[in-house]
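Residue-level structure breakdown
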Amino acid sequence: MEINKYASKSCMKCKVLDRILKSVNLPCSVNTLYVEDNEELFKEKGIEQLPTLEISNEGKESIYLTGTIAPKQIAEAIDKLR
């Protein structure tokens, strides 16, 4: 399982998501990617809303969650990809 968080360094919702992620039992660590560091990657992936959380099972299937993300949504996405 892989979890990528697409964010901006100045995004308040992204900082809220950081706190939410700490409250969820995650199966792996979260890779944080900032638009300021790699804008091209965001364009390639079609990331238009921040924050965006990409949860994937070894690249076979991905679920994208955007905006205000609840802990329950994260847990359900992880369960769906197991």
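Attention here is on the structure that accompanies the text. As the structure is a prediction and not an experimental result, all values here were calculated from the model.

1. Describing the overall build of the protein chain
The helix and strand tally for the protein chain stands at three helices and four strands. Each helix and strand of the protein chain, ordered N terminal to C terminal, gives the series β-α-β-α-β-β-α. In terms of overall size, the protein chain behaves like a compact globule, its C-alpha atoms giving a radius of gyration of 12 Å where 82 residues would be expected to give roughly 12 Å. By principal-axis analysis of the C-alpha atoms, the protein chain measures approximately 30 × 25 × 20 Å. For the protein chain, with 82 residues in total, the buried portion stands at 35%. Residue pairs in contact within the protein chain that sit at least 24 positions apart in sequence constitute 62% of those at least 6 positions apart. On the protein chain, roughly 5100 Å² of surface is accessible, and the fraction owed to carbon and sulfur atoms is 47%.

2. Brief notes about the pairing of strand β3 (residues 52-56)
Within β3, five of the five residues are buried, leaving the element largely enclosed by the surrounding structure. Here β3 shows two buried faces, one formed by Thr52, Glu54 and Ser56 and the other by Leu53 and Ile55. As judged from the five bridges shared by strand β1 (residues 2-7) and β3, these two strands associate in the antiparallel manner. Its bridge partner lying in β3, Tyr6 is registered against Thr52. Summarising the sheet, β3 and strand β4 (residues 62-66) pair through five bridges and their orientation is antiparallel. Across the sheet, Leu53 pairs through a bridge with Leu65, a residue of β4. Once β3 ends, the chain turns through five residues before running back antiparallel as β4, passing Glu58 with a positive phi of about 60°.

3. Here we look at the nonpolar core
If you look at the biggest cluster of nonpolar residues, it comprises 14 residues, and the most contacted ones within it are Leu17, Leu53, Ile55, Leu65, Ile69 and Ile74. When near neighbours in sequence (up to four residues on either side) are disregarded, Ile74 contacts Leu17, Ile20, Leu21, Val24, Leu26, Leu53, Ile55, Leu65 and Ile69.

4. Brief notes about helix α3 (residues 71-81)
Listing the buried residues of α3 in full gives Ile74, Ala77, Ile78 and Leu81. The buried residues of α3 all sit within an arc of 100° when viewed along its axis, so they share a single face. Across α3 from its buried face, at more than 90 degrees, point the exposed residues Lys72, Asp79 and Lys80. For α3, the elements touching its buried residues are β1, α1 (12-22), β3 and β4.

Definitions and cut-offs
Residues numbered from 1 in each chain as written. Predicted model: local features only at pLDDT ≥ 70, side-chain atom pairs only at ≥ 80, totals over all residues. Heavy atoms only, no water. Helix = DSSP H or I, 4+ residues; strand = E, 2+ residues; numbered from the N terminus. Rg over C-alpha atoms; globule rule 2.2 N^0.38 Å. Buried < 20%, exposed > 50% of the residue type's maximum accessible area, 1.4 Å probe, protein only. Contact = heavy atoms within 4.5 Å. Areas by Shrake-Rupley, 256 points an atom, 1.4 Å probe, with all protein chains shown as cover. Pairing = 2+ DSSP bridges. Core = buried A, V, L, I, M, F, W, Y, C linked by side-chain atoms within 4.5 Å. Arc of directions from axis to C-beta.

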